[in-house]
Amino acid sequence: SHTQVPGGPAQVTPSDEVPLRVIVVDSAEKAQRILTRLKSGENFIALAQAESIDPTAAAGGLLGRVTLSTLPPFLRDALVGVAPGQLSPVVQIPTGFAILKVVDETDPANRNMNASSPETLATQASVRYVIDVSGLVEAEAVLQAFPKPADWDQNPRTICQMRRQSLASSQEALEDFLAPEQQSARALRPPFDVMQAHFALAQLHAYDGRMDRALDHYRQAYETARAGVPAAALRMEEALGDAYLHKSGHENGAHRAPGDICLFPPFDYRSGRPEPRRGALRPGQLYARTADSEKAIEHFLNFLKQHPDDLEVRWLLNLAYMTIGGYPDKVPPAYLLPPAAFVSTEDIGQFRDVAPQAGLNVVATAGGVIVDDFAGTGRFDVVTSNFDSCGPLHYFRNNGDGTFTERTSAAGLDGQLGGLNMIQADYDNDGCKDILVLRGGWEVAQRKSLLRNNCDGTFTDVTAASGLAKPATSTQTAAWADINNDGLLDLFVGNEESASQLFLNRDGSAFEDISRSAGVDRVAFTKGVSAADYDNDGFVDFYVSNFKGNNFLYRNNHDNTFTEMARSAGVPGPGRGFATWFFDYDNDGWSDLFATSYFTSVDESVRTYLNLPPNAAGLKLYKNLGDGTFRDVASEVGLDKVFMPMGANFGDVDND
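Residues numbered from 1 in each chain as written. Predicted model: local features only at pLDDT ≥ 70, side-chain atom pairs only at ≥ 80, totals over all residues. Heavy atoms only, no water.

Some remarks on empty space enclosed by the protein
Any empty space left between atoms is shown by rolling a water-sized probe over those atoms. What counts is decided by this rule: A 1.4 Å probe that fits but cannot get out identifies a cavity on a 1 Å grid over protein atoms alone, an open set with protein on both sides within 12 Å along at least five of seven lines counts as a pocket, and a residue lines either if it has an atom within 4 Å of a point. Grid points are joined across faces, edges and corners, and a volume is the space filled by probe spheres set on the points. Three classes are used, and their members are as follows: Ala, Val, Leu, Ile, Met, Phe, Trp, Tyr, Cys and Pro are nonpolar, Asp, Glu, Lys and Arg are charged, and the others, Gly among them, are polar.
For the coordinates displayed, the defined rule picks out two cavities of 30 Å³ or more. Here the second largest cavity defines a volume of roughly 30 Å³. Surrounding the second largest cavity, F387, S389, G418, G419, L420, R439, G440, E443 and Q446 form its lining. Looking at the lining of the second largest cavity residue by residue, the classes come out as two nonpolar, five polar and two charged.

Below is the structure:
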């Protein structure tokens, strides 16, 4: 039913079930431009198909009938007063910026609305995302705003310098604003501004790993919020507890020598089951210094007094108790995540971390790792990269006795800094594996590095000469594959917020970007690329996993062009993707497809363990049906779960 306004159309009331379409884009400005176009008469369905990053895009943004009471308040508010056939204002949601249309069901284009079952906006908008205390967002913002020389993004050392200088400049400016002599000037500013300044400075110190200094400003942000910004006090409480727990990990070496410390729940190696009581815990699973963990517990308990059902903070509380030997006995029963929730009926054996004993004792931020024979000895060597713009690449030569020797300098790799991921291949067919370092993932655009193996234990950076240096892009994913069966490996690069690139290998030394002519230059926030001949026609195809919107399946047309087939093949992905790969999981001779979802939500992961209904899309396992199409069998094989996988892989761990 609708409420009739005299002289006007029927309007939506908060209790109504209404038919909706949606367009979601990644910026407020883009959404406003699209809203203007819609108001000028452009077709909503066509614009949704062309512009929306929501999983419903191919269906013209069709959500079907939605009960307004299931929507978050900000979406309900956006629809108040919106009549059938009319549009909502632009509204921010967790996955972007949305425009909703209340569908006029008398329009023939909107009949059979319940025939499809897309992801509902209600559940996606209800995802509880983590509070970010990494400082990455702030560090990226100051780097983007910092003045930089031309071509700064073409040299890893210059990229490092700009990162350090921009951080130092921003920290200095914030410290000046917060200095005691600026007290009178701060008194003229709203408390919110002062709180934000403390929090921003804390974040930048945390980004640099200076947790003592970070905690000083997290505390002051918290106190400022309690005194003058009460609406922010609870989030500052959680952030402060998180920061104490982070510092506790630093104090106890969890990031340098984790051993068993990071296993939750505490694990009994004899039984393969979570330990039930403190008395049975191994010494290596307890923090020696517990003061900061105890402070974290205090703040998490304060938070939970007001929001006892918050699963993220309950998780953090249980984790903090574990570090002091108090899990599960000392966790208040109302907040306990029981050990039984983590018990598995499977036993694939046990793995032990032997990296330090093997000579691979490197501490770094997240990065890539490749294991292959780079020296031609028949043994696996190890190469690691580092997300830190100033973090070095490491090359470890296999000694043949279970140990490794670092040979980064001897290999000529000292200048290779940064790089969230790497992939290896013999692109020049000389029998020696080369390395491609990918940079800029989650960051500003930076150049890649193609490192040619000289077959003598050294490498040469040939990025510029090969044609891969410009333009710099933000990427952490690529795939080597011979797209035209000429015996030379070509390169597909997935980029963030820019078009994918397909480089044709011309002669083993130079590449040509054929992205546009090949039909793969779609703009997306790409986080994963995989290659396989999924239709067994003798030509390799590509699957592209996107953090925002649908994924792409590019079928090879045998003429250096591709056709996008994701929706028609049944593999659109979860709508918010990351890691992906082809593999024949059922050994039937056809390449199947695994595609993860990626929601930065501890809440959603805990829901998986507690068997609570998720708000976010889960993992996808697409079984190849052998006719060019796939079927999602994730629920059938027990993979219908929601985690936060960035790096992921597969293998036969139980030798069956």
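Don't stop here, the text continues.
Quick notes on the packing of helix α12 (residues 311-323) against helix α17 (residues 602-609)
Axes are the key here: two packed helices are described by the angle between their axes and the distance separating the axes. Counted only if it meets this: Working convention: axes come from line fits to C-alpha atoms, limited for helices to the stretch in contact. Angles between N-to-C directions cover 0 to 180 degrees. Note on conventions: DSSP H or I runs of at least 4 residues are helices, E runs of at least 2 residues are strands, and numbering of each starts at the N terminus. Should an angle lie under 35 degrees it is considered roughly parallel, over 145 roughly antiparallel, and from 65 to 115 roughly perpendicular; all remaining angles are considered oblique. Working rule for contacts: check all heavy atoms of both residues, and any pair within 4.5 Å makes them a contact.
Two numbers describe how α12 lies on α17: the axes approach to 8 Å, and their chain directions differ by 75°. In terms of orientation, α12 lies roughly perpendicular with respect to α17. Contacts from L311, E312 and W315 in α12 reach V602, D603, V606 and R607 in α17.

Points about a negative patch on the surface
Put simply, the rule is: Each patch groups residues whose relative accessible area exceeds 30% and which form no salt bridge, using 9 Å between like charges and 5 Å between nonpolar side chains of Val, Leu, Ile, Met, Phe, Trp and Tyr. In this description, accessible areas are obtained by the Shrake-Rupley approach with a 1.4 Å probe, and a residue is regarded as covered only by the protein chains that are shown. Each reported salt bridge corresponds to a side-chain nitrogen of Lys or Arg within 4 Å of a carboxyl oxygen of Asp or Glu. His is not counted, nor are the chain ends; Lys and Arg add positive charge and Asp and Glu add negative charge. To locate a charge, take NZ of a lysine, CZ of an arginine, CG of an aspartate or CD of a glutamate.
On the surface, E346, D347, D652, D654 and D656 cluster together into a negatively charged patch. Mapped onto the elements, D656 comes out in the segment after α18 (634-637).

Topic: the side chain of S530
Basically, it comes down to this: Distance and chemistry together define a polar contact, namely a pair of N or O atoms within 3.5 Å, with one atom able to donate a hydrogen and the other to accept it when in protein, and with adjacent residues in sequence counting only for side-chain atoms on both sides.
Looking at the secondary structure, you find S530 in strand β21 (residues 523-532). Within polar-contact distance, the side chain of S530 engages the backbone nitrogen of F582 at 3.1 Å. Setting aside its immediate chain neighbours within four residues, S530 contacts D541, F542, Y543, T580, W581 and F582.

Things to note about the pattern of salt bridges
Operational definition: Burial here depends on accessible area, computed with a 1.4 Å probe over protein chains only, as a share of the maximum for the residue type. Under 20% is buried, over 50% is exposed, and the range in between is partly exposed.
The tally for this structure, following the rule as stated, stands at 29 salt bridges. With a shortest N-O distance of 2.5 Å, E496 and K527 are connected by a salt bridge. Here E496, found in strand β18 (residues 490-499), pairs with K527, found in strand β21; they are 31 residues apart in sequence, far enough to count as distant. K527 matches E496 in its accessibility class, with the two residues each being buried. A network of salt bridges, in which partner residues are shared, links R128, R235, E238, D310 and E312.

Side note on the confidence of the model for the protein
The predicted structure's coordinates, where accompanied by low pLDDT, should not be read in detail. Keep this limit in mind: Per-residue confidence from the predictor is given as pLDDT, running between 0 and 100.
Scored by pLDDT, the protein has a mean of 89; 90% of the residues are at 70 or more. The low-confidence segment residues 108-120, where pLDDT is below 50, has 24 contacts with residues more than four positions distant or belonging to other chains.

Quick word on the sheet that holds strand β25 (residues 577-583)
Here is the rule: A pair of strands is treated as paired once DSSP finds two or more bridges between them.
Here we have four strands laid out as an open sheet, ordered β25-β26-β27-β28, and antiparallel in their pairing. For this open sheet the edge positions go to β25 and β28 (630-632), each flanked by a neighbour on one side alone. Strand-to-strand, the axes of this sheet are offset by a mean angle of 20°, without reference to chain direction. Of the strand pairs in this sheet, β25 and strand β26 (residues 592-597) are connected by five bridges, and their pairing is antiparallel. Note on β26: the bridge partner recorded for T580 is A595.

Let's talk about the sheet that holds strand β9 (residues 369-372)
Ordered by their spatial adjacency, four strands build an open sheet running β9-β10-β11-β12, and the pairing between neighbours is antiparallel. Only two strands of the sheet have a single neighbouring strand rather than two, namely β9 and β12 (404-406). Strand-to-strand twist in this sheet, taken as the mean axis angle between neighbours without regard to direction, amounts to 20°.

Digging into the state of the cysteines
Structurally, a disulfide amounts to a covalent bond that connects the sulfur atoms of two cysteines. Note the threshold: Cysteine sulfur atoms that come within 2.5 Å of each other are treated as a disulfide pair.
Summed over all chains, the structure comprises two disulfides. Between C160 and C390 runs a disulfide, and the two sulfur atoms are separated by 2.0 Å. Disulfide C160-C390: torsion about the S-S bond near 105°, hence right-handed. With C160 in helix α6 (residues 156-178) and C390 in the loop between β10 (381-384) and β11 (394-398), this residue pair connects regions lying 230 residues apart in the sequence. The burial state of C160 is the same as that of C390; both residues are buried. Note that C432 is cross-linked by a disulfide to C455, the S-S spacing being 2.1 Å. Because the torsion about its S-S bond is 130°, the bridge between C432 and C455 counts as right-handed. Remark: C455 occurs in the loop between β15 (449-453) and β16 (459-461) and C432 occurs in the loop between β13 (421-425) and β14 (434-438); sequence separation between them is 23 residues. Among the residues examined, C455 registers a relative accessible area of 41% and is labelled partly exposed. With cysteine numbering restricted to those in disulfides and following the sequence, the protein has the pairing 1-2, 3-4.

Describing the nonpolar core
Basically, it comes down to this: In these notes, a set of buried Ala, Val, Leu, Ile, Met, Phe, Trp, Tyr and Cys residues joined through side-chain atoms within 4.5 Å is what counts as a nonpolar core.
Ranked by internal contacts, the top residues of the largest apolar core, which has 44 residues, are Y218 and F300. Among the elements of the structure, α8 (191-207), α9 (211-228), α10 (230-251), α11 (291-306), α12 and α17 are those that each provide at least two residues to this core. By residue number, the principal contributor to this core is α10, which donates nine residues. If near-sequence neighbours (up to four positions away) are discounted, F300 is found in contact with E238, G241, D242, L245, V313, L316, L317 and A320. Counting 18 residues, the second largest nonpolar core, distinct from the first, contains L20, I53, V91 and A98.

Some thoughts on the pairing of strand β3 (residues 17-25)
By the criterion of burial, β3 is predominantly enclosed, with eight of the nine residues buried. Direction of pairing for β3 relative to strand β4 (residues 62-67): antiparallel, over a ladder of five bridges. Residue pairing in the sheet places L20 in a bridge with G64 of β4. Taken together, the six bridges between β3 and strand β6 (residues 96-102) define a ladder with antiparallel strand orientation. The residue of β6 that forms the bridge with I23 is I99.

Comments concerning the layout of surface pockets
Approximately 870 Å³ is the volume found for the second largest pocket. Together, 31 residues line the second largest pocket, and N421, M422, I423, A648 and N649 are the ones closest to its centre. The set of elements that each furnish at least two residues to the lining of the second largest pocket consists of β9, β13, β17 (475-481), β21 and β25. Of the residues belonging to the lining of the second largest pocket, the class tally is 19 nonpolar, 11 polar and one charged.

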